Amino acid sequence: MSSSDFRQIAIRTEAGKAERLFRAAVSAFCSLTRPSRREIAQLEDLTLPLFDEVSVESRRYVAAALSECEYAPAALVRRLAEEPVEIAAPLLIRSNALSDIDLIALIGRHGLPHARAIARRKEINPTIAHLIRALEKPTLVKTRPPETVTKLAPVKPAPAVALEDERPVPGEAEETARRRLRSMMRPAGEGVAVNLFLGQPTYVKLRETALTGSAAFFQTALADALDIDFATARSVTEQASCTALLAALKALDLSEDRAFLIAVAVYPGEFPHPQAIRLFLDRYRLLHREAALDKVRTWKAETLSRAIRGNAAESAERQPSNSDGSAASLKAS
């Protein structure tokens, strides 16, 4: 089918023929060896308004056809990729029209079904592959060998025979293990902490702790990375928007895709649609690193100021007791 045939199909908009028109337009487009930008835009203008009127079978057919198309229109592909995995799978596995950011956003919105299809791509970004593995086998942290964990947090042996009413509730053992692992990475001041990410590169620590879903883990890693105290790191991540976190990640000189992965793990509600992701990337790209570093310097100054105030208060508390002791000795003499 020639380019002129495709343009003729795009003109025919008789009512009641949305199904046939949707399929025929995509088939004609896929037959073009090198479609022009105008033809790509024509296909999007024709098919997107018809999208909600066509059947599941037509969407599945179009997704399969476009997955083999080298110059598939990105807007239509992204729309199809939001469909259930039974429709979107060919595009998730093969389409070059989906960028790494698109794939991460799809995983964030649709979870394991889309993630498993994306994992079958021939070439996949290692960051995305790691994210999929984390979803497949979620763990709070990379744990040490079992005997090491046992030494760090000994557990009383369970009775040999349990009564019927004392049998553990399904999932209770897993939750107990999670609580034990959380206790190993308490922030400073809450007991002895064992940082299981010690020695890992900064980005890996931030990524892994963000993916645990535990705010304290990530805040601890962020405090270490920026050399600020835990209270400041907590204030950075507990703000209503991710603006402060964006500055922190820029100061660490993370690439856009790495910064986005961390941000979407910490603030999942900030990215409900592709436009929000695009806005984040634009803001991150336009943020000067020196401005971000100035922000971090301010946080460090606040950390130092708090430490000085704490030392002064501690000295003031000790002073009266010392002077009382001196007065008592003078009186005795």
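Before reading on, note that the structure itself is shown above.
Quick caveat, the model's predicted, so the values are computed rather than measured.

Thresholds, definitions, all that
Residues numbered from 1 in each chain as written. Predicted model: local features only at pLDDT ≥ 70, side-chain atom pairs only at ≥ 80, totals over all residues. Heavy atoms only, no water. Axes fitted to C-alpha atoms, helices over the stretch in contact; angles between N-to-C directions. Helix = DSSP H or I, 4+ residues; strand = E, 2+ residues; numbered from the N terminus. Parallel < 35°, antiparallel > 145°, perpendicular 65-115°, else oblique. Left-handed = near helix turned anticlockwise from the far one by under 90°. Contact = heavy atoms within 4.5 Å. Salt bridge = Lys/Arg side-chain N within 4 Å of Asp/Glu carboxyl O. Buried < 20%, exposed > 50% of the residue type's maximum accessible area, 1.4 Å probe, protein only.

**Q** So, the packing of helix H12 (residues 202–211) against helix H16 (residues 256–266): which residues are in play, and what are the values?
**A** One way to put it is that H12 packs onto H16 with a least axis distance of 9 Å and a crossing angle of 25 degrees. In terms of axis orientation, H12 runs roughly parallel to H16. The interaxial crossing formed by H12 with H16 has left-handed handedness. Contacts from Tyr203, Leu206, Arg207, Ala210 and Leu211 of H12 reach H16 at Arg258, Leu261, Ile262, Ala265 and Val266.

**Q** Account for the pattern of salt bridges, with residues named and values stated.
**A** Overall, the coordinates contain 11 salt bridges when judged by the stated rule. With its nearest N and O atoms 3.9 Å apart, the salt bridge here joins aspartate 253 to arginine 289. With aspartate 253 in the loop between helix H15 (243–251) and H16 and arginine 289 in helix H18 (residues 289–332), the pair connects residues that are 36 residues apart, well separated along the chain. Aspartate 253 gets classed as exposed once you look at its relative accessible area, which sits at 54%. Several salt bridges converge on common partners, so that one network encompasses Glu256, Asp282 and Arg285.

**Q** A description of unusual backbone geometry should follow, citing residues and the corresponding values.
**A** In this structure, aspartate 227 takes a positive phi of about 60 degrees despite not being glycine. Residues other than glycine seldom take positive phi values, yet aspartate 253 does so here, at roughly 60 degrees.

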